[in-house]
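Structure at a glance
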Number of protein chains: 2
Amino acid sequence: MRAYTCGLDAAADVIGGKWKPRILWALHHGPMRFGELRREISGVTEKMLIQQLRELESRDIVHREVFHQVPPKVEYSLTELGRSLNEALIPLDTWGSEHLTELEASRVR
Amino acid sequence: MRAYTCGLDAAADVIGGKWKPRILWALHHGPMRFGELRREISGVTEKMLIQQLRELESRDIVHREVFHQVPPKVEYSLTELGRSLNEALIPLDTWGSEHLTELEASRVR
DNA sequence: GCGCATACTTACCCTTCCGTCAGTACCTGA
DNA sequence: TCAGGTACTGACGGAAGGGTAAGTATGCGC
């Protein structure tokens, strides 16, 4: 493993993974339960969602809170670091939205 | 293949790939020859560099210009779209730089 | 005592991604 | 004539990432 060569390099490592951008986006509006996230992020499986959430949690981007009740309840929310990351992602989302048509067109597969 | 669910989704698809962020960053200061890029981006192999450049070219992020001379000369530069993408990446780079220490610390492997 | 809801966990497999390495084509200068 | 510089190309294999499907624990209501 080499050291990160620039901030972008580090950031790309954090948000890398098929579902991470969508998780971050979904949590933008506040805490969500596991099941809510699964329904919100169409196409994701339970295994992948948990895996990506755990990775974000270990990076201190996402906070996980367990409510000891039955049926179980677990809430996921953005940490301060996660919120600042989301802020930094806004211009990128805007860029993607502005060029959505051409990006869809040049997409492979 | 599903349609992009948001701009961020689309943008992540464009910059996805092990070397794309570093390529974009290297081209920030102007056109570069293939060999210059290879030397600038330490660790990349010729095959991977070409592959990623071709993908960026097909997305109209990077422009490829061949100079018919010997030895061959090929210059890569950012298109207008590429420049706007780079602008949108600046906040993300800043975020990464600001949190570099903690990100290095929570890194796996 | 049985199904249901929630939030996971695990085993297995398959595809995609990436790296290694060898080879191509062209002209130049020694 | 032969090494050298430049910009590729392609075969092969391993590692990483992601998908499928089945199973776990807990207590509640019927």
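To be clear, the structure that these remarks concern was listed above.
My aim in this report is to walk through the structure given alongside it, one point at a time. (Residues numbered from 1 in each chain as written. Chains lettered and ligands numbered in written order. Predicted model: local features only at pLDDT ≥ 70, side-chain atom pairs only at ≥ 80, totals over all residues. Heavy atoms only, no water.)

1. Thoughts on the relation of the copies chain A and chain B
Turning one copy of the chain about an axis and sliding it along that axis gives the other copy, so a rotation and a shift relate them. Note on the identical chains: chain A maps onto chain B by a rotation of 180 degrees and an axial translation of 0.0 Å, with an RMSD of 0.0 Å. Such a turn and shift between the copies fits a two-fold axis. Looking at chain A, 100% of its interface residues are interface residues in chain B too, so the copies touch through the same face. (Least-squares fit on C-alpha atoms with pLDDT ≥ 70 in both. Contact = heavy atoms within 4.5 Å.)

2. Regarding the nonpolar core
The biggest cluster of nonpolar side chains holds 66 residues, and the ones touching the most others in it are L92 of chain A together with L92 of chain B. Apart from the residues within four sequence positions on either side, L92 of chain B is in contact with G7, L8, A11, I15, L85, A88, L89 and L92 of chain A. (Core = buried A, V, L, I, M, F, W, Y, C linked by side-chain atoms within 4.5 Å. Buried < 20%, exposed > 50% of the residue type's maximum accessible area, 1.4 Å probe, protein only.)

3. With respect to the protein's contact with DNA strand C
Close to DNA strand C lie 21 residues, the nearest being E46, R54 and R64 of chain A together with K18 and K47 of chain B. Counting only the atoms of DNA strand C that lie within 4 Å of the protein, the sugar and phosphate share comes to 71%. Side-chain polar atom of E46 of chain A to a base nitrogen of DNA strand C: 2.2 Å apart, as the coordinates give it. For DNA strand C, a phosphate oxygen lies 2.8 Å from a polar atom in the side chain of R54 of chain A. Of all the elements in the fold, those that place two or more residues in the surface near DNA strand C are α3 (34-40), α4 (46-58) and β3 (73-78) of chain A together with α4 (46-58) of chain B. (Near = heavy atom within 4 Å. Polar contact = N/O pair within 3.5 Å; in protein donor to acceptor, adjacent residues only side chain to side chain. Helix = DSSP H or I, 4+ residues; strand = E, 2+ residues; numbered from the N terminus.)

4. As for the environment of S42 of chain B
Take S42 of chain B: it is sitting in the loop between α3 (34-40) and α4. Judged by relative accessible area, which is 39%, S42 of chain B ranks as partly exposed. Not counting residues within four places of it along the chain, the set of residues in contact with S42 of chain B comprises R2 of chain A together with W19 and R22 of chain B.

5. A look at the pattern of salt bridges
Per the counting criterion, the structure on display carries 16 salt bridges over all chains. Linking K20 of chain A and E55 of chain A is a salt bridge whose minimum nitrogen-to-oxygen distance equals 2.7 Å. With K20 of chain A in helix α2 (residues 20-26) and E55 of chain A in helix α4, the pair connects residues that are 35 residues apart, well separated along the chain. The class for K20 of chain A is buried, based on a relative accessible area of 4%. R107 of chain B is paired through a salt bridge with E104 of chain B; the nearest N and O atoms lie 3.7 Å apart. Take E104 of chain B: its relative accessible area is 25%, and that puts it in the partly exposed class. The network of salt bridges with common partners includes D13 and R59 of chain A together with E104 and R107 of chain B. (Salt bridge = Lys/Arg side-chain N within 4 Å of Asp/Glu carboxyl O.)

6. Some points on the interface of chain A and chain B
Reports often express the size of an interface as the amount of accessible area lost when the parts come together. Contacts between the two partners involve 43 residues from chain A, matched on the other side by 43 residues from chain B. Of the roughly 4000 Å² buried where chain A meets chain B, counting both sides, 69% is carbon and sulfur surface. When residues of chain A are sorted by the area they lose upon contact with chain B, L8, W95 and R107 of chain A head the list and together hold 18% of the total. Taken together, chain A and chain B are joined by two salt bridges. Between D13 of chain A and R107 of chain B there is a salt bridge; the shortest N-O distance is 3.9 Å. Applying the counting rule to chain A against chain B returns 16 residue pairs in polar contact (both at pLDDT 80 or more). Of all elements in the fold, only α1 (7-15), α2, α5 (80-98) and α6 (100-105) of chain A reach the threshold of two or more residues within the side of chain A that touches chain B. (Buried area = accessible area lost by both parts, 1.4 Å probe.)

7. Structural notes on the protein's contact with DNA strand D
Inspection of the region around DNA strand D gives 21 residues, with K18 and K47 of chain A together with E46, R54 and R64 of chain B positioned closest. Across the atoms of DNA strand D situated within 4 Å of the protein, the share located in sugar and phosphate is 72%. A distance of 3.4 Å separates a phosphate oxygen of DNA strand D from a polar side-chain atom of W19 of chain A. One nitrogen or oxygen atom from the side chain of R33 of chain B is found 3.0 Å from a phosphate oxygen belonging to DNA strand D. Only α4 of chain A together with α3, α4 and β3 (73-78) of chain B provide two or more residues apiece to the surface near DNA strand D. The class makeup of the residues in the surface near DNA strand D is nine nonpolar, four polar and eight charged. (Nonpolar A, V, L, I, M, F, W, Y, C, P; charged D, E, K, R; others polar.)

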